[in-house]
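Each chain, letter by letter, is given below.
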Amino acid sequence: MSKKYYELLIFISLIAALYFGLGFGKVLFMRPQGLHQWAQCDRASIARNFAEEDLNIFKPRVHMTNEGSGITGCEFPFMNFLAAVFYKIFGFNEFWYRFLMLVAITAGVYFAMLLAKNYLRSFWLAIVIAVQWYNSPTLAYYSPNFIPDTASLGFTMIAWFFIFKYIKSLRKKDLYFWGVFLLLASLIKITSLLSVMAVAILLLLDKFNFFENRKFENRKTVVLLISGIFILTFAWYAYASWLNKVNNMSVFLMSNKTFGNKTELIQMLSGTNYLWVKFYYNNYYYYFIAASAVFLIFNFKKIDKILLVVFVSLFVGGIVFFFLMLAQFAVHDYYIITLLPLVFFYLLMLADVVMKYEKKSVVRIISVTVIVFMLFQTSIFSINHQKYRYNNWMFKSEKNYSAYFNLEKHLRRAGLKREDKVVSIYDNSPDVSLYLMNQKGWRINENEIDENIKKALNNCKYAIVNDTNFFSNKPQLKKYFLFPADTFKNLKIYKLINK
């Protein structure tokens, strides 16, 4: 067995052991649930509609249709489309969606390890750095999941491997691979454009001889690729905004969402810190980052210039993005995911400085020992955190949607067809209940006005009700519910009487 395949086998074995500890063997077969079930079902809804209705990547649609088709603008639905293809080949099973997401981020970790290996000339330290970087509880939770940020991160790390490979080889093939993967990453999540900007800064500094040796050839090609990535990415998001407008749908956020005043700024920063910072990494990891930062300051002259420029570029870009989207950071943990290349390059920069010390020096021995220790510490913390994620009260759904997990088969036996529009009462999300039972239609939240409820009832054939208090609170609407069709667990199914 060649050294290359031997190292690949070791990587697969170690990452598989970590995934086993994280409980992915169970998670891969779960329906969308837990924290941000709302966002999960929205993305899963697009995949299932691709598979069962229209495999047109330019017309993503969700189960919430109201009076329209359900077509909506969103981030480029590459992973949704790919999952739909697997659904068509193997039959519907959300395992495929989760599995493809896990493959994407695993590939990212692997190429991050290869990048670190090329820099450090040490396979074992490279794998320590890559896996330690991956051990963010937030990243682990969203690895076999439906949120696209994880796939975007995976493709970004593959792209970074190829641009560094190009700097060394100057082969156009590596440059084109970089462009393809970073375009895909940016289309999926626009935040990945930060990595494009970092390469643009490298190119600019190289032009002015900032580095010891020239790093970029084919400058025109690099500029064209950078321009093409920006143009195509913004073109897609402009198209997605247009889709929202013409279809009167707005399921996915297509703009920035920041603070409005000083009070909101303080509240959002406090909310982000209180809820999520401890889920990005644990406290010991932050202490490690702080202590190693002091170490890097004292060894500033040893820092590789390319790594330093990349780190600073990603850091500044990340700060700008953080404040542009602060309102989202305050309530969404996964917004940090596409900013994580910053952490990887910090660790690589640190390890590169450590490896410049003599092999038997005390500094190198102690530093490597601490880095390896942190790998075990972060792994244990992340594994324990995943159990917390699926059992703590704050990570359970706003309502108990478990009754909807197996509802679809029951509805088909009861005579409901997929194209029969239903109204789901109550559901505060756009798609959770509708997606889980695979029915198009309307959903009514608990604060909906009567006029909208009547419009939904008059446009739907069936109603699925999860709260019988609805009838006591809305006696004026009882005339629609004279014919209960069926019962499933805590759900009441009605064939509606309407015009």
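The coordinates are above.
Everything numeric here is computed off the predicted structure, so don't read it as measured data. (Residues numbered from 1 in each chain as written. Predicted model: local features only at pLDDT ≥ 70, side-chain atom pairs only at ≥ 80, totals over all residues. Heavy atoms only, no water.)

A.B. asks: Is there a simple way to think about the overall build of the protein chain in this case?
C.D. replies: Counting secondary structure elements, the protein chain contains 22 helices and five strands. Taking 499 residues into account, the globule formula puts the C-alpha radius of gyration at 23 Å, and the protein chain, at 25 Å, falls close to it. Each principal axis of the C-alpha distribution contributes one length, and for the protein chain these read about 85 × 55 × 45 Å. Buried residues in the protein chain amount to 57% of all 499 residues. Of the contacts made within the protein chain by residues no fewer than 6 positions apart, 74% connect residues no fewer than 24 positions apart. (Helix = DSSP H or I, 4+ residues; strand = E, 2+ residues; numbered from the N terminus. Rg over C-alpha atoms; globule rule 2.2 N^0.38 Å. Buried < 20%, exposed > 50% of the residue type's maximum accessible area, 1.4 Å probe, protein only. Contact = heavy atoms within 4.5 Å.)

A.B. asks: What is the right way to read a nonpolar patch on the surface from this model?
C.D. replies: Judged by side-chain polarity, Leu 269, Val 312, Phe 315, Val 316, Ile 319, Val 320, Phe 323 and Leu 324 come together as a nonpolar surface patch covering roughly 630 Å² of accessible area. The element that contributes the greatest number of residues to the nonpolar patch is helix H15 (residues 305-324), accounting for seven residues. By secondary structure assignment, the location of Val 312 is in helix H15. Looking at Val 312, the relative accessible area reads 39%, which means it is partly exposed. (Patch = residues over 30% accessible without salt bridge, like charges linked within 9 Å, V, L, I, M, F, W, Y side chains within 5 Å. Areas by Shrake-Rupley, 256 points an atom, 1.4 Å probe, with all protein chains shown as cover. Salt bridge = Lys/Arg side-chain N within 4 Å of Asp/Glu carboxyl O.)

A.B. asks: Teacher, can you tell me more about the pattern of salt bridges here?
C.D. replies: Pairing is possible between side chains that carry opposite charge, provided their charged atoms lie close to one another. If you walk through the whole model with that rule in mind, you get 19 salt bridges. Between Arg 43 and Glu 75 there is a salt bridge, and its shortest N-O distance comes to 3.0 Å. Here Glu 75 lies in the loop between helix H3 (37-52) and helix H4 (78-90) and Arg 43 lies in helix H3, a separation of 32 residues in the sequence. Of the two residues, Arg 43 and Glu 75, neither departs from the other in class, the shared state being buried. Asp 174 serves as the salt-bridge partner of Lys 165, at 3.9 Å between the closest nitrogen and oxygen. Assessed through its relative accessible area of 30%, Lys 165 is described here as partly exposed. Given the relative accessible area of 0%, Asp 174 is considered buried. What you see here is one network of salt bridges that share partners, running through Arg 48, Glu 52, Glu 53, Asp 54, Arg 61, Glu 408, Arg 412, Arg 418 and Lys 440.

A.B. asks: Whenever I open this one, the environment of Leu 204 confuses me. Can you help?
C.D. replies: Secondary-structure assignment places Leu 204 in helix H10 (residues 193-207). Each C-alpha atom, one on Leu 204 and one on Arg 219, is 9.9 Å from the other, the two residues being 15 residues apart in sequence.

A.B. asks: Is there a simple way to explain the state of the cysteines in this structure?
C.D. replies: Defined simply, a disulfide is a covalent bond joining two cysteines at their sulfur atoms. With the rule as written, the count across this model stands at zero disulfides. The structure places no disulfide on Cys 460, whose sulfur is separated from the nearest cysteine sulfur, that of Cys 41, by 19 Å. In this structure Cys 460 comes out as buried when scored by relative accessible area, which is 4%. (Disulfide = S-S within 2.5 Å.)

A.B. asks: Hey, could you run me through the environment of Thr 272 in this one?
C.D. replies: If you trace the backbone, Thr 272 turns up in helix H12 (residues 262-275). Here the alpha-carbon distance between Thr 272 and Asp 333, two residues 61 residues apart in the chain, equals 8.3 Å. For Thr 272, the contacting residues outside a window of four places in its chain are Val 277, Tyr 280, Phe 322, Leu 326, Phe 329 and Ala 330.

A.B. asks: I keep staring at the pairing of strand S2 (residues 441-444) and nothing clicks. Help me out?
C.D. replies: Alignment of strand S1 (residues 422-425) against S2, held across four bridges, turns out to be parallel. Paired with Ile 425 across the bridge in S2 is Ile 444. What joins S1 to S2 is helix H20 (residues 432-437), and the crossover it makes is right-handed. (Pairing = 2+ DSSP bridges. Right-handed = clockwise from strand over helix to strand, strands pointing away.)

A.B. asks: Teacher, can you tell me more about the side chain of Arg 98 here?
C.D. replies: Looking at the secondary structure, you find Arg 98 in helix H5 (residues 94-120). From its side chain, Arg 98 meets the backbone oxygen of Val 27 in a polar contact 3.3 Å long. In this structure, Arg 98 is in contact with Val 27, Leu 28, Met 30, Arg 31, Pro 32, Gln 33, Gln 40, Ser 143, Pro 144, Asn 145 and Phe 146, ignoring residues within four places of it in sequence. (Polar contact = N/O pair within 3.5 Å; in protein donor to acceptor, adjacent residues only side chain to side chain.)

A.B. asks: Would you mind showing me how to read the side chain of Glu 75 here?
C.D. replies: Glu 75 gets classed as buried once you look at its relative accessible area, which sits at 7%. One polar contact links Glu 75 to Arg 43, side chain to side chain, over a distance of 3.0 Å. Non-local contacts of Glu 75, meaning those with residues more than four positions away in its chain, are made with Arg 43, Pro 148, Leu 187, Ile 188, Lys 189, Trp 236, Tyr 237, Phe 252 and Met 254.

A.B. asks: How should the packing of helix H1 (residues 3-21) against H5 be read in this particular structure?
C.D. replies: In helix packing, the relevant descriptors are the interaxial angle and the interaxial distance, both defined with respect to the helix axes. Put simply, H1 and H5 touch, their axes get as near as 12 Å, and they point 130 degrees apart. Classified by the angle their axes make, H1 and H5 are oblique. Seen from above, H1 lies across H5 with right-handed handedness. Where H1 abuts H5, its residues Glu 7, Leu 8, Phe 11, Ile 15 and Tyr 19 lie against Leu 102, Thr 106, Val 109, Tyr 110, Met 113 and Lys 117. The residue inventory of the contact of H1 with H5, partitioned by class, reads eight nonpolar, one polar and two charged. (Axes fitted to C-alpha atoms, helices over the stretch in contact; angles between N-to-C directions. Parallel < 35°, antiparallel > 145°, perpendicular 65-115°, else oblique. Left-handed = near helix turned anticlockwise from the far one by under 90°. Nonpolar A, V, L, I, M, F, W, Y, C, P; charged D, E, K, R; others polar.)

A.B. asks: Help me out: how do you make sense of helix H21 (residues 450-459) in this one?
C.D. replies: Counting along an α-helix, one turn takes 3.6 residues, and residues three or four places apart therefore face a common direction. Within the span of H21, buried status applies to Ile 453, Ala 456 and Leu 457. Seen from one end, H21 has its buried residues packed into an arc of 100 degrees, which puts them on one side. As for H21, its buried residues are in contact with S1, S2 and helix H22 (469-473). (Arc of directions from axis to C-beta.)

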